[in-house]
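Topology and contacts: notes
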Amino acid sequence: QVQLVESGGGLVQPGGSLRLSCAASGSIFSINAMGWFRQAPGKERELVASITNSGWRNYADSVKGRFTISRDNPKNTVYLQMNNLKPEDTAVYYCNDRRATAYDQWGQGTQVTVSS
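Conventions adopted
Residues numbered from 1 in each chain as written. Predicted model: local features only at pLDDT ≥ 70, side-chain atom pairs only at ≥ 80, totals over all residues. Heavy atoms only, no water. Phe/Tyr/Trp six-rings, centres within 6.5 Å; stacked < 30°, edge-to-face > 60°. Helix = DSSP H or I, 4+ residues; strand = E, 2+ residues; numbered from the N terminus. Lys NZ or Arg CZ within 6 Å of the ring centre and 35° of its normal. Core = buried A, V, L, I, M, F, W, Y, C linked by side-chain atoms within 4.5 Å. Buried < 20%, exposed > 50% of the residue type's maximum accessible area, 1.4 Å probe, protein only.

1. Overview of the packing of aromatic side chains
- Counted under the stated rule, the structure contains 2 aromatic pairs.
- Relative to Trp-106, the ring of Phe-37 has its centre 5.0 Å away and its plane inclined at 85°; by these criteria the two rings are edge-to-face. Placement of Phe-37 in strand S4 (residues 33-39) and of Trp-106 in the loop between strand S9 (91-97) and strand S10 (110-114) is noted, with a sequence separation of 69 residues between them.
- Between Tyr-94 and Trp-106 the ring centres are 5.9 Å apart and the planes differ by 85°, which places this aromatic pair in the edge-to-face class. Pair noted here: Tyr-94 is in strand S9 and Trp-106 is in the loop between S9 and S10, with a separation of 12 residues, a long-range link.
- In textbook terms, an aromatic cluster arises when at least three aromatic residues are bridged by ring pairs, as seen for Phe-37, Tyr-94 and Trp-106.
- Seen from the ring of Tyr-79, Arg-19 lies directly overhead, with NZ or CZ sitting 4.0 Å from the centre.

2. Structural notes on the nonpolar core
- Grouped together as the largest cluster of nonpolar side chains are 28 residues, with contacts concentrated most on Trp-36, Ile-69, Leu-80, Met-82 and Tyr-93.
- If you list the elements that add at least two residues to this core, you get strand S3 (18-24), S4, strand S5 (46-52), strand S7 (67-72), strand S8 (77-82), S9 and S10.
- Residue contributions to this core peak at 4 residues, all from S3.
- In this structure, Phe-37, Val-92, Tyr-94 and Trp-106 belong to the second largest nonpolar core, which totals 5 residues.

Written as structure tokens, this is what we have:
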């Protein structure tokens, strides 16, 4: 099973930007749709963006126009560019197969905190 390691989180002021990376231990080409998820304190994990091998992207309404997902299959890496960050974007961010559930293996995630 592919191991996923997220990085790039941090503390940023409202309106700032961050770029998250998700490095896979093996090929992600076999995973048609990769996704970025987030989980805020006291809330369930939610899918915020996904991308297929053909480049089709989908976003949650809350991040549309601000976040951009991309993938580099030769590098086995998925990215999430986050612009115009808001306090409500504060969460731990994870990447995984878009179809992943709570019963699947997850990485440790990367913390994003948006605060002045």
